[in-house]
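Letter by letter, the chains look like this.
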Amino acid sequence: MSKWIPYLLIFPVALVIMATNGNGQEPVATETGPVFRSKVSFADIEEYDRLYPQISPRGKRIKNSFVRPAPLPIDPADIIYQSPKLENVGEYITKDSSPAPEIDFQGLDDNGNSIPPDVNGAVGPDHLMVTLNTQIRIMDRTGTPISTVVTETFWQGIPGAGGVFDPKIYFDPYDQRWILAMPSASQPYPINTKLMVAVSETADPTGHWFRYSFDGDPNDLLWFDYPNFGFNKKWLVVAGNMVESVPEHAVLYVFNKQDLYNYAYEINYSRFEIFDGFGLVPAVTMDEEEEDVYVVNHAGGDVGGYGYLNLRRVTGEVNDPQVEDIGLSGVPYPWNEWSYFDNGDFAPQLGSDEKLNTVDARFENMVFRNNKLWCVHHVYLPAEDPTRSAVQWWELSTDGTIVQWGREDGEEEGMVYAFASIAVNAKEDVMIGYGSFSEEQYASASYSFRYADDPPNTLLGRYQYKDGLAPYYKTFGGARNRWGDYTATCVDPLNDLDFWTIQEYAEVPAGAQDEWGVWWAKVNVEAMPEALFSANITSVPVGSGVNFFDNSKYEPDAWEWIFEGGTPGTSNEQNPENIIYEASGLYDVT
C-alpha cells in the first residue's frame with residue numbers, strides 16, 4: 001500500500017542581493033530568484049521516514065572550510081572602544097561551584113552516520129527539540145522521546161534536502177514558533193548551494209511546519225557554510241560564510257519574519273554580501289520591542305596587544321533593511337584564534353594520544369537583552385604559543401562599550417574548553433555551556449553560571465554535568481578527529497529564568513566504532529518575586545471603589561497590600577477589589 005505525502009509548492013519571490021564592503025558603499029541590487037516552499041505535518045515527515053529509512057547516508061563527513069583565510073586588516077579609525085585592565089581578571093580565584101542541574105538526560109545517541117554531529121537544540125513550553133546532522137528529535141520536557149526522524153527526511157521534497165548540514169534551531173518566545181535553519185551544498189561545480197529555513201505553525205513542533213529553500217549563491221560558485229541566525233520582532237537574520245577553498249566573504253540574509261510565519265505568497269528578504277568579516281553571528285533578541293538586530297564577529301586576537309570583536313546592526317524598515325557597521329571593541333588580553341596546526345586536533349583526552357578537533361575562535365552565539373549584548377567563543381592561550389583553549393565571554397552596550405568580559409580558563413587544572421554557548425535570563429543571570437577536555441578524563445560536558453549580582457567579570461566554578469565514558473577517534477578516512485562544532489544553551493520560555501544546555505560527550509561504543517552522544521541539563525533558578533500591580537482607575541471620585549490587579553513577576557505565593565487612605569487599609573488577596581477612598585488626596589499603594 002502506498003501513501004502520497006504532499007511536499008512541494010513553488011512560488012516566485014522578490015530577492016534583493018546587496019554587496020557592501022563595510023566602508024559606506026551603497027548596496028548594489030542584482031537579479032531576482034525563486035523560492036521553494038511547502039507546508040507539511042510532522043506526522044507526514046515521520047511516515048516518510050518510516051517508508052524510506054535508506055535516505056540516511058552512512059559515514060558522512062560534514063563539509064566545512066578548514067583553510068585559514070587571509071587575516072583582515074584592522075583600521076584604527078574603526079576602533080570604538082578599548083577596555084582598560086579589568087577588575088577580577090588575570091588572577092586565579094577560588095570560586096563556589098555553579099549550581100547542580102535539576103534534571104539531566106540524553107538527547108540523542110550516535111547512529112554512526114555523521115561526524116561531527118553539530119550539536120544544537122532548543123526548548124519550548126511543552127517540548128524540547130534536538131537537531132543534529134544525523135537526526136531531529138522531539139522530546140517532552142522530562143526527556144521522553146516523542147519522535148525521531150533522519151535530518152534529510154525533515155527536508156525531503158524541496159531542493160537541497162539531500163545535502164543539509166549544520167542545523168541551528170531556536171524557539172521564538174514572543175511569537176511562539178520554532179525556527180530551524182540549515183545550509184545545503186552540492187559538488188562538483190556548479191555549486192547549487194541552498195539556505196533552508198523552516199518555521200513551525202504553532203508552538204507545537206509535532207504539528208505543521210512551513211519549509212523554505214532559498215538560493216545560497218546566485219552565481220553558483222560558492223557554498224554556504226557556518227550558519228548562524230538571530231531574530232527580533234521584524235526580521236529573521238541568517239549569516240554564513242561563502243566558501244570556495246577558503247571563505248571568500250560573509251553573507252547576511254534578512255527575512256521579513258512575519259512573511260515566513262504567515263506562509264506568505266511572497267517572502268520579502270534582502271541578501272547582503274560582507275567583505276570585512278567572517279563567522280558573523282546575529283543576536284537572538286529577548287526584547288519584543290527592539291527594532292534592530294545586532295551582529296558580532298571575531299576581528300583579531302592579538303593586534304598590538306589587544307583582542308577585538310566587531311559589531312554591526314541590521315536596522316531600517318522591515319522591507320528595506322540596512323546593515324550598519326558599529327565598529328571594533330577590544331580588551332588588553334590577547335589570544336590566538338586558530339588551531340590549524342595538526343589539522344586542528346587540539347583537545348586532549350584520557351586513554352588516547354589522538355586529540356579532538358576544536359576548529360577556531362569564531363563566535364558561537366549572541367543574546368540581546370535589556371539593551372545589552374552577551375556573546376561567547378573559545379580562544380587559544382597563550383597567544384604566542386597556545387597550549388590550551390578557554391571560554392571567553394563578553395557583555396557589551398549597543399554602542400560597543402565593554403560592560404563585562406571574562407574567561408573560564410582551566411590552566412590550573414590542565415583543562416581545555418571549547419564550543420561554548422551562552423544564555424541570559426530575565427534577571428541577567430548567565431549560563432555558558434561548553435565541552436571540557438583533559439588528559440585525565442574523556443571528552444565531557446560542562447557549564448558555568450553567574451548570578452547577576454556576582455562580582456563583575458567572573459563566573460562561578462565549572463560544573464561538569466556529564467562525564468565522558470570512553471576515548472573517541474573517528475575520521476571516516478579524513479584528516480581530522482571532528483568534535484562539536486556547536487552546542488546550545490537557552491532560557492526556559494516558561495518562566496524566563498531557568499536554563500537548559502545540550503552538550504556533546506564521548507560515549508561507550510556499542511561496536512568497533514567510537515561514539516559520541518549528546519546530553520541535556522536543566523538548571524533551576526530561584527528568583528525573589530518583583531511586586532508590580534495595576535488598577536482599573538487611578539483618578540478616583542471621592543467615595544468610589546478601586547480594583548487592584550497583581551502583575552508581579554516570578555510567581556509570588558503570598559500578598560500584603562497597604563492602601564493609604566483606603567478602606568480597608570490592608571489586604572492579603574492577590575487581586576483586592578472595591579477599595580474605597582472617602583477623602584480627596586494623593587495616596588500611596590504598597
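Residues numbered from 1 in each chain as written. Predicted model: local features only at pLDDT ≥ 70, side-chain atom pairs only at ≥ 80, totals over all residues. Heavy atoms only, no water.

Per-residue pLDDT for the chain has a mean of 89; in total, 88% of the residues score no lower than 70. Scored below 50 in pLDDT, residues 1-17 makes 62 contacts in the model with residues more than four places away or belonging to other chains. Below pLDDT 50 for its whole length, residues 19-34 participates in 29 contacts with residues either more than four positions away or in separate chains. (pLDDT = per-residue confidence, 0-100. Contact = heavy atoms within 4.5 Å.)

Once that is clear, we can look at the sheet that holds strand S8 (residues 121-123). Working definition: the strands of a sheet are paired by backbone hydrogen bonds and lie parallel or antiparallel to each other. The strand order across the open sheet built from four strands is S8-S9-S10-S11, with neighbouring strands paired in antiparallel fashion. Of all strands in the sheet, those with a lone pairing partner are S8 and strand S11 (145-150), marking the two edges. On average, each strand axis in the sheet is inclined to that of its neighbour by 10°, with strand direction left out of account. With three bridges connecting them, S8 and strand S9 (residues 127-131) associate as antiparallel partners. Note on S9: the bridge partner recorded for Val123 is Leu128. Running over the sheet, helix H1 (residues 42-51) touches strand S10 (135-140) and S11 and is turned about 60° from S11. (Pairing = 2+ DSSP bridges. Helix = DSSP H or I, 4+ residues; strand = E, 2+ residues; numbered from the N terminus. Axes fitted to C-alpha atoms, helices over the stretch in contact; angles between N-to-C directions.)

That bond from Ile115 to Pro116 is cis: its omega, -15°, falls within 30 degrees of zero. As for its placement among the helices and strands, Pro116 is situated in the loop between strand S7 (114-115) and S8. Note that the residue after Thr567, namely Pro568, is joined by a cis bond; omega there is -5°. Assignment of secondary structure puts Pro568 in the loop between strand S41 (566-567) and strand S42 (570-571). For Asn370, which is not a glycine, the phi torsion comes out positive at approximately 55°. Here Asn370 lies in the loop between strand S26 (365-369) and strand S27 (372-381). The residue Phe476 is not glycine, and still its phi comes out positive at about 50°. Along the chain, Phe476 falls in the loop between strand S33 (463-466) and strand S34 (488-491). Of the residues examined, Phe476 reaches a relative accessible area of 24% and is grouped as partly exposed. (Buried < 20%, exposed > 50% of the residue type's maximum accessible area, 1.4 Å probe, protein only.)

Moving on, we get to the pattern of salt bridges. Tallying each qualifying case throughout the model produces 22 salt bridges. We note a salt bridge from Arg271 to Glu273, for which the minimum N-O separation is 2.9 Å. According to the relative accessible area criterion, Arg271 is buried, its value standing at 0%. Given a relative accessible area of 15%, Glu273 falls into the buried group. Lys372 serves as the salt-bridge partner of Glu395, at 3.5 Å between the closest nitrogen and oxygen. With Glu395 in strand S28 (residues 388-397) and Lys372 in strand S27, this pair connects stretches of sequence that are 23 residues apart. No difference in accessibility class separates Glu395 from Lys372, as the two residues are buried. (Salt bridge = Lys/Arg side-chain N within 4 Å of Asp/Glu carboxyl O.)

Let's shift gears to the nonpolar core. Tyr212, Phe214, Leu236, Phe255, Leu260 and Ile432 are the most contacted members of the largest nonpolar core, which has 42 residues in total. The element best represented in this core is strand S30 (residues 416-424), accounting for four residues. Aside from chain neighbours lying at most four places away, what touches Ile432 is Val376, Val391, Trp393, Ala420, Ser421, Ile422, Ser446, Tyr447, Ser448, Leu459 and Thr489. (Core = buried A, V, L, I, M, F, W, Y, C linked by side-chain atoms within 4.5 Å.)

A word on the pairing of S11. Bridge analysis of S10 against S11 gives five bridges, and the strand direction is antiparallel. The residue bridging Arg137 from the neighbouring strand is Thr148, located in S11. What sits between the antiparallel neighbours S10 and S11 is a turn of four residues, in which Gly143 has the positive phi angle 100°.

Okay, the sheet that holds strand S38 (residues 544-546) next. Taken in spatial order, the three strands of this open sheet run S38-S43-S41, and their pairing is antiparallel. If you trace the sheet from one side to the other, it starts and ends with S38 and S41, each paired once. Alignment of S38 against strand S43 (residues 579-581), held across three bridges, turns out to be antiparallel. In the sheet register, Val546 faces S43, and the bridge partner there is Ile579.

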